[in-house]
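Below, each chain spelled out in residue letters.
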Amino acid sequence: MADVKKIATRDSYGNALKELGAKYEDLVVFDADLAGATKTGVFKKAFPGRHFDCGIAEGNMMAVAAGAAAMGLVLFASTFAMFAAGRAFEQVRNSIGYPHLNVKIGATHGGISVGEDGASHQCCEDFALMRSIPGMVVMSPSDDVEARAMVEAAYKYVGPVYMRFGRAGVPVFHNEETFSFEIGKGEVLQDGTDVAVIANGLMVAEAMEAGKALSEAGISARIINMATIKPLDEELVLKAARECGKVITCEEHNILGGLGEAVCGLLSEKCPTPVRRIGVNDEFGHSGPAGALLKQFGLSAEHIVSVARELCGK
Amino acid sequence: MTTSEKKQLMATACKVRMGVIKGTHAAKAGHPGGSLSAADLVTYLYFREMRVDPQNPKWEDRDRFVLSKGHTVPGLYAALAQRGFFPEEDLLTLRQIGSHLQGHPNMNLTPGIDMSTGSLGQGVSVAAGMALAARHQGKSCRVYTLLGDGEIQEGEVWEALMFAHHYKLDNLCVIIDNNGLQIDGAVADVMSPYPIPDKLRAFGFEVAEIDGHDFDQMETAFAKARATHGVPFAIVMKTTKGKGVSFMENQAGWHGKAPNDEEYEIAMKELSAQLAEVEGM
């Protein structure tokens, strides 16, 4: 995909907010001193009266957002994934999740592709934390087109939503003209019958690349983009498991608590199927360029290919 | 405030205190101490200060109250019941399975509860968010929040106060119930928050210091709050934890303990005598 245009989904987030801001007057954005990095600054420039900086106080920001949502505004609260899901977990749980308030958490800089900042800022636990809150929608888009559609879907949905966006550029492969997004629905990008590869975030592009390489090796892989981790598209996962017999999950997240475990939990109860989970193997990241880190941690098309070949015995 | 209005408030506060005792006794759990210290304040808010409509609890332009010290909700429930948001006999279902009266406030279950709280420090942030949103929406409603003096040990409280001042939330009134006691003992011994008014002033608040059991002082303070523009307002009220029930007064042990049958009888007798005295005034 070297010739494909790359856009970081955090940029998509900022651009989507700006577009939606023109359409919806009740859309208000909060940030915690990271407007330049989370790209809510793009919205701020267009709608300065609807962007409020909360300073470096993420817990307060989430509870303030809850209060504003209780008054009927549609709040997008943004910071890095580490602080949105991590530091502010309890405010999100008690002041947003428990009262089921209409706050959209736009968390950028998820995963190890944060790169040079190192482990303190590479959040690989956010899916796990946010999935554990009853009623919370948890999503991670694969590219620019999907990310922008997701932000609009989140605006229209009534209730708390957590969205994780990335810092690094990712290939844009969806066709804007034909693409439509629905919360809780997965997307089959390539059909196949030998193994199902279920991915989200930047791992979707890797999975698509792996799918092509596997075809050449005589393995028919079904590639699925599972942008919504919760609620999981159970029907699509079960169908894939029944028809392919083998499943691989891919996510830029700890293999504990994220997409992999969501899929395993479903399959172990309803359709026991051999699964391999590709993700960060319960360890902290470290500093380095995003691309090199992703390779080092096995978050690559090459690794998906080797796991699929092992699983398929080819 | 006329003498008869004040007398009415005093009688209502007595009934609110009885509701606290009835509810916690029936539940065999709950937090009477801090509910009693704040009973006069919640009475004043719901019977004199706030614009609310018990027939339309979700009225968009109502004033909001966030009980940041959510554990003292038995007092708020009693005030809401007195005000007609739900039947008084519901108080006896406090903390029971199936009751709309949860151990801590739930905005989606109880008519009149504006925010779910209980985890200390968060309510004041929520109230600041409501105040910001109300101004943004051009609503004239005001937002009130009540914190415990132990609660202000939470760092988030000061994040919220900084926010309130930064955004000049003069439609926000922060009230601190300074009863001086928390679970482990005196707030001064556990982790001193003192001097509270000075700290609030340093955070840019206009501050009133009052006796939290004196309705005249409340009237003056709330009038001043409404007349203050450009900065948020705080009321630090000195109170007695367990106020109104002799054996609960100034006892940290009554923070989170329910009266047994015998204690219930004594407490109700004392409060009935106080009510009779007020009514005979």
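Just so you know, these numbers come straight off a predicted model, no measurement behind them.

**Observations regarding the packing of aromatic side chains**
Across all of its chains, the model carries 15 aromatic pairs over all chains by this definition. Here A:Phe30 and A:Phe52 contribute two aromatic rings whose centre-to-centre distance is 5.9 Å and whose plane-to-plane angle is 85°, an arrangement assigned as edge-to-face. Taken together, the residues A:Phe30 in strand β2 (residues 27–31) and A:Phe52 in strand β3 (residues 51–53) connect sequence positions 22 residues apart. Each member of the pair A:Phe30 and A:Phe52 is classed as buried. Here the aromatic rings of B:Phe163 and B:Tyr167 are separated by 4.9 Å at their centres, their planes lie at 55°, and the arrangement is tilted.

**Overview of the interface of chain B and chain A**
Interfaces are frequently sized by the accessible area removed from exposure as the parts join. Residue-level contacts link 27 residues of chain B with 26 residues of chain A. Both sides together, the interface formed by chain B and chain A hides about 2,000 Å², and carbon and sulfur atoms give 61% of it. At the junction of chain B and chain A, the tally comes to 0 salt bridges. Every element with two or more residues in the side of chain B that touches chain A is listed here: α5 (122–136) and α6 (155–166) of chain B. For the side of chain B that touches chain A, the leading source of residues is α5(B), giving 10 residues. In the side of chain B that touches chain A, the residues fall into 13 nonpolar, 10 polar and 4 charged.

**A look at the pattern of salt bridges**
Residue and element names in this part refer to chain A. Per the stated rule, a full pass over the model turns up 28 salt bridges over all chains. Between glutamate 58 and arginine 87 there is a salt bridge; the shortest N-O distance is 3.4 Å. Placement of glutamate 58 in helix α4 (residues 58–70) and of arginine 87 in helix α5 (residues 81–87) is noted, with a sequence separation of 29 residues between them. Exposure remark for arginine 87: the relative accessible area of 59% places this residue in the exposed category.

**Quick look at the sheet that holds strand β3 (residues 172–178) of chain B**
All names here are of chain B. What the 5 strands build is an open sheet, ordered β1-β2-β3-β7-β6; its pairing is parallel. The sheet is open, and its two edges are formed by β1 (64–67) and β6 (206–211), each paired on a single side. Within the sheet, the average angular offset between the axes of one strand and its neighbour, ignoring direction, is 20°. Relative to strand β2 (residues 143–148), β1 is paired through 4 bridges, and the arrangement is parallel. Looking at the pairing, phenylalanine 65 lines up with tyrosine 144 of β2. Sheet strands in contact with helix α9 (residues 215–227) are β2, β3, β6 and β7 (233–238), and its direction is about 170° off that of β6.

**Examining the domain arrangement of chain A**
All names here are of chain A. What the domain assignment reports for chain A is domain 1 (6–171) and domain 2 (187–312). On a C-alpha basis, the centroid separation for the pair domain 1 and domain 2 is 25 Å. In this assembly, 32 residues from domain 1 lie in contact with 33 residues from domain 2. Between domain 1 and domain 2, the buried area comes to about 2,300 Å², and carbon and sulfur atoms account for 59% of it. Across the contact surface, domain 1 and domain 2 share 1 salt bridge. For the pair domain 1 and domain 2, the number of links is 19 residue pairs in polar contact (both at pLDDT 80 or more). Contributions of two or more residues to the side of domain 1 that touches domain 2 are made by α7 (126–131), β6 (137–139), α8 (144–156) and β8 (169–171). Sort the elements by how many residues they give to the side of domain 1 that touches domain 2 and α7 lands first, with 4 residues.

Rules behind the numbers
Residues numbered from 1 in each chain as written. Chains lettered and ligands numbered in written order. Predicted model: local features only at pLDDT ≥ 70, side-chain atom pairs only at ≥ 80, totals over all residues. Heavy atoms only, no water. Phe/Tyr/Trp six-rings, centres within 6.5 Å; stacked < 30°, edge-to-face > 60°. Helix = DSSP H or I, 4+ residues; strand = E, 2+ residues; numbered from the N terminus. Buried < 20%, exposed > 50% of the residue type's maximum accessible area, 1.4 Å probe, protein only. Contact = heavy atoms within 4.5 Å. Buried area = accessible area lost by both parts, 1.4 Å probe. Salt bridge = Lys/Arg side-chain N within 4 Å of Asp/Glu carboxyl O. Nonpolar A, V, L, I, M, F, W, Y, C, P; charged D, E, K, R; others polar. Pairing = 2+ DSSP bridges. Axes fitted to C-alpha atoms, helices over the stretch in contact; angles between N-to-C directions. Domains from an automatic or database assignment. Polar contact = N/O pair within 3.5 Å; in protein donor to acceptor, adjacent residues only side chain to side chain.

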